[in-house]
Amino acid sequence: MTSPGALRAPTDTDMDGDEHPVRVLRPRRAAPADAVRPTRAEVSLAALRANLHVLRRHLSAAERPPRIWGVLKADGYGHGAPAVGRTLERAGIDGLCVALIEEAVELREAGIRVPLLVMGGYFGARRDGFEEIVERDLTPVLYDPSHVERLGAVLREKGRKKAVHVKVDTGMGRLGLTWGELEPMAHALGRFPEVRPIGLMTHLACADAEDPEPSREQLRRFSAMRAELREQGVSPTFLHAANSAGTLALPEAHFDAVRPGVALYGVAPRRGIGAELRPAMRVRTEIVALRTIETGSAIGYGHTFRAARRTVVATVPMGYADGLSRGLSNRGHVLVRGARAPIAGAVSMDLAMIDVTDVPGAQIGDEVVALGAQDGPLGKDCITADEVAEHLGTISWEVLTSVSRRVPRFYREP
Ligand SMILES: *Cc1c(COP(=O)(O)O)cnc(C)c1O
């Protein structure tokens, strides 16, 4: 269990971190004053580094190990992109990927210097985004001939050149050039030589499934599309396709770089791979009220929990507006004193109730863990993102990215 003493108040000098070893950074989004509430997400920077190390070791068997370009979209999967970016950059990551230009700008403003790949984020006919791409030294992923024209126009105006990556759709059906768009893309690139296609990427739809065949089919198409582009005079040499699952389970998808996201945050993309990964985020709060209710009485909105016995109910200051999904009402668990306690009744916006009848000694001020591990007088246990996802019929990715902006992030070393 984390001692609250490890989390000292942040100071301004902590933010740059270079003069002083960083133990805690300023909580982001929620203002420091919001940290009056004991509900917070603790992010272990050491776990992030350890996970990068796990991936590096995993890839080191290859003759020419691929580079690692970590994925920090959606605020670093809810962990806080600037802090994650700084940590991984210092740990020697080769590059970072984001979904939006805005996300890349946030990282540049946080002082991140490594290459930043913007995988999406051009919407409609606006040119502004491409100006930002050039000004901020970002690497765009282009998947439409019009992108080449718009970026090319900006570059021509400024008398600049830009290396870009091209994305092809090999079976995800989301973004990326379809077969018929390869030729128009090649023509556009021919007209705008200031746009230099050095990278070629695709995205795997089924890499986290046991069956590798759909991924292999996508890789065959990747190879065919690459050959077709070459025929058209476009020969990118830097190839990448693998997400976390592809990184951990599909060596033939490694190419020149891999793009792990969820694994860096310590969550395995599926059972049976990535066992050494360590969850980086832990969401905790404290008991703020306690009552004993008699058999037959009900609690919470809609009275969906009715006591089948004399029940000790604890209230925690964390609700669905914090990311504790209402779908966990009467289903999910939290940890108190190192033991599991079921969520009782409907999770409300700011508060939730838990049944601590079987947690002897539970009292006001006790730490309650909604995500992550706890070591207490009654034992040691862990609520994993997978477990929460299973209750909610979703995936661990969504659990991580659902911890809302009202929950301040605290960064811990180790
Ligand atoms: C999100 C994303 C990734 C990372 O996926 P994980 O499963 O989290 O590793 C890689 N590539 C692209 C294009 C993505 O959108």
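A.B. asks: So what exactly am I meant to see when it comes to the environment of Lys 158 here?
C.D. replies: With respect to the helices and strands, Lys 158 occurs in helix 7 (residues 145-158). A sequence separation of 24 residues divides Lys 158 from Val 134, and the C-alpha atoms of the two residues are 9.3 Å apart. In this view, Lys 158 contacts Glu 131, Val 134 and Glu 135; residues no more than four positions away in its chain are not counted. At a separation of 3.0 Å, a polar atom in the side chain of Lys 158 contacts the side chain of Glu 135.

A.B. asks: Looking at this structure, how should I read the packing of helix 7 against helix 8 (residues 182-191)?
C.D. replies: Describing two packed helices takes the angle between their axes plus the distance from one axis to the other. Contact pair helix 7 / helix 8: the axes reach a minimum separation of 8 Å and the direction vectors enclose 10 degrees. It follows from the interaxial angle that helix 7 and helix 8 lie roughly parallel. In contact with Pro 145, Val 148, Glu 149 and Arg 156 of helix 7, helix 8 contributes Pro 184, Met 185, Ala 188, Leu 189 and Arg 191. Among the residues making up the contact of helix 7 with helix 8, the classes are represented as six nonpolar, no polar and three charged.

A.B. asks: So what exactly am I meant to see when it comes to the nonpolar core here?
C.D. replies: The biggest cluster of nonpolar side chains holds 115 residues, and the ones touching the most others in it are Leu 88, Leu 96, Leu 142, Val 195, Val 336 and Ile 354. If we skip the residues at most four places from it in the chain, Ile 354 touches Val 312, Val 313, Ala 314, Val 316, Val 334, Val 336, Pro 342, Ile 343, Ala 344 and Val 368.

A.B. asks: What is the right way to read the layout of surface pockets from this model?
C.D. replies: With a probe scaled to a water molecule rolled over the atoms, the places where space remains empty come into view. Computed from the structure, the largest pocket encloses a volume of approximately 540 Å³. Along its surface, the largest pocket is lined by 26 residues, and Lys 73, Tyr 77, Arg 174, His 203 and Asn 243 are the ones closest to its centre. Secondary structure elements with two or more residues in the lining of the largest pocket: helix 3 (73-77) and helix 10 (244-249). For the lining of the largest pocket, the class distribution of residues is 15 nonpolar, six polar and five charged.

A.B. asks: Help me out: how do you make sense of the site of the ligand in this one?
C.D. replies: Around the ligand, a shell composed of 13 residues is seen, among which Lys 73, Tyr 77, Ser 244, Gly 261 and Val 262 lie nearest. At 3.4 Å from a nitrogen atom of the ligand is found a side-chain nitrogen or oxygen belonging to His 203. For the ligand, whose accessible area on its own is 390 Å², the fraction buried by protein is 93%. A breakdown of the residues in the shell around the ligand according to their chemical character gives six nonpolar, four polar and three charged.

A.B. asks: Help me understand helix 9 (residues 213-231) in this model?
C.D. replies: Spacing of three or four residues puts side chains on the same side of an α-helix, whose turn is 3.6 residues. Helix length check: helix 9, at 19 residues, gives a terminal C-alpha distance of 27 Å against a target of 27 Å (1.5 Å per residue), a fit within 8%. Turning to helix 9, its buried residues number three or more, namely Ser 215, Gln 218, Leu 219, Phe 222, Met 225 and Leu 229. Seen from one end, helix 9 has its buried residues packed into an arc of 125 degrees, which puts them on one side. Two residues or fewer past helix 9, Gly 233 is found with a positive phi of approximately 90 degrees.

A.B. asks: I'm lost on the sheet that holds strand 4 (residues 116-118) in this one. Help?
C.D. replies: For sheets, the rule is that strands pair by backbone hydrogen bonds, running either parallel or antiparallel. Spatially, 2-3-4-5-6-7-8-9 is the arrangement adopted by the eight strands of the closed barrel, whose pairing is parallel. Of the pairings in the sheet, the one linking strand 4 to strand 5 (residues 139-142) comprises two bridges and is parallel in character. Along strand 5, the bridge assignment pairs Leu 117 with Thr 139. The strands that helix 5 (residues 101-109) touches are strand 3 (95-98) and strand 4; relative to strand 4, the one it contacts most, it runs at about 165 degrees.

A.B. asks: Is there a simple way to explain the side chain of Glu 103 in this structure?
C.D. replies: Mapped onto the secondary structure, Glu 103 falls in helix 5. Of the buried charged residues, Glu 103 lacks a salt bridge, with Lys 73 as the closest side chain of opposite charge at 8.2 Å. Polar contacts involving the side chain of Glu 103 include one to the main-chain amide nitrogen of Ala 99, which spans 3.0 Å. The residues contacting Glu 103, other than those within four sequence positions of it, are Lys 73, Ala 74, Asp 75 and Val 98.

What counts and how
Residues numbered from 1 in each chain as written. Predicted model: local features only at pLDDT ≥ 70, side-chain atom pairs only at ≥ 80, totals over all residues. Heavy atoms only, no water. Helix = DSSP H or I, 4+ residues; strand = E, 2+ residues; numbered from the N terminus. Contact = heavy atoms within 4.5 Å. Polar contact = N/O pair within 3.5 Å; in protein donor to acceptor, adjacent residues only side chain to side chain. Axes fitted to C-alpha atoms, helices over the stretch in contact; angles between N-to-C directions. Parallel < 35°, antiparallel > 145°, perpendicular 65-115°, else oblique. Nonpolar A, V, L, I, M, F, W, Y, C, P; charged D, E, K, R; others polar. Core = buried A, V, L, I, M, F, W, Y, C linked by side-chain atoms within 4.5 Å. Buried < 20%, exposed > 50% of the residue type's maximum accessible area, 1.4 Å probe, protein only. 1 Å grid on protein atoms, 1.4 Å probe; cavity = no way out; pocket = protein on both sides within 12 Å on 5 of 7 lines; lining within 4 Å. Points joined across faces, edges and corners; volume = space filled by probe spheres on them. Near = heavy atom within 4 Å. Areas by Shrake-Rupley, 256 points an atom, 1.4 Å probe, with all protein chains shown as cover. Expected span 1.5 Å × (residues − 1). Arc of directions from axis to C-beta. Pairing = 2+ DSSP bridges. Lys, Arg positive; Asp, Glu negative; His and termini not counted. Salt bridge = Lys/Arg side-chain N within 4 Å of Asp/Glu carboxyl O.

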